[in-house]
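Commentary on secondary and tertiary structure
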Amino acid sequence: QVQLVESGGGLVQAGGSLRLSCAASGRTFSSYAMGWFRQAPGKEREFVAAISWRGGSTYYADSVKGRFTGSRDNAKNTVYLQMNSLKPEDTAVYYCAAKVPSRHEYDYWGQGTQVTVSS
């Protein structure tokens, strides 16, 4: 069982930056692949970024590539999403999620943190 708690959301002007954190419980955190997702009002939840279980591989949605960077610190049981050059269309609730690397679906989800980008 893994419990995830996101933090770091807030209100920022367009062009600004935020860093989201996701703290995980459980001694097996390092064995999980991690992902970031977001859901804007009235829209489906969408993939943002994925970080492999060792952190050596990262994958991004085209909409955030070059602006967002995912990373993890397994010693701190924490995964991060550095968001730069934010745009109003990045406004959403951001969720972190964990999955067994061999599975396609994510098994554990955080409660989400709100990111609002003003124009």
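Here the structure is shown first, and the text comes after it.
Residues numbered from 1 in each chain as written. Predicted model: local features only at pLDDT ≥ 70, side-chain atom pairs only at ≥ 80, totals over all residues. Heavy atoms only, no water.

**Some thoughts on the pairing of strand S4 (residues 33-39)**
By the criterion of burial, S4 is predominantly enclosed, with six of the seven residues buried. The pairing of S4 with strand S9 (residues 92-99) spans seven bridges and is classified as antiparallel. Bridge pairing links methionine 34 to alanine 98 in S9. Taken together, the five bridges between S4 and strand S5 (residues 46-51) define a ladder with antiparallel strand orientation. (Buried < 20%, exposed > 50% of the residue type's maximum accessible area, 1.4 Å probe, protein only. Helix = DSSP H or I, 4+ residues; strand = E, 2+ residues; numbered from the N terminus. Pairing = 2+ DSSP bridges.)

**Quick word on the pattern of salt bridges**
Under the definition given, this model contains five salt bridges. We note a salt bridge from glutamate 46 to arginine 38, for which the minimum N-O separation is 2.6 Å. The exposure class of arginine 38 is buried, given its relative accessible area of 5%. A salt bridge links aspartate 90 to arginine 38, with the shortest nitrogen-to-oxygen separation between them at 2.9 Å. With aspartate 90 in the loop between strand S8 (78-83) and S9 and arginine 38 in strand S4, this pair connects stretches of sequence that are 52 residues apart. For the pair shown, aspartate 90 and arginine 38 are each scored as buried. (Salt bridge = Lys/Arg side-chain N within 4 Å of Asp/Glu carboxyl O.)

**Remarks on the side chain of threonine 91**
Relative to the helices and strands, threonine 91 is located in the loop between S8 and S9. There is a polar contact of 2.9 Å between the side chain of threonine 91 and the backbone nitrogen of valine 117. (Polar contact = N/O pair within 3.5 Å; in protein donor to acceptor, adjacent residues only side chain to side chain.)

**Regarding the state of the cysteines**
The tally for this structure, following the rule as stated, stands at one disulfide. Through a disulfide, cysteine 22 is tied to cysteine 96; the S-S separation comes to 1.9 Å. Note on the cysteine 22 and cysteine 96 pair: the S-S dihedral is about 45°, so by sign convention the disulfide is right-handed. Linking cysteine 22 in strand S3 (residues 18-24) with cysteine 96 in strand S9, this pair joins segments that are 74 residues apart in sequence. Under the relative-accessibility criterion, cysteine 22 is labelled buried at 0%. (Disulfide = S-S within 2.5 Å.)

So yeah, pure geometry; function would need other evidence.
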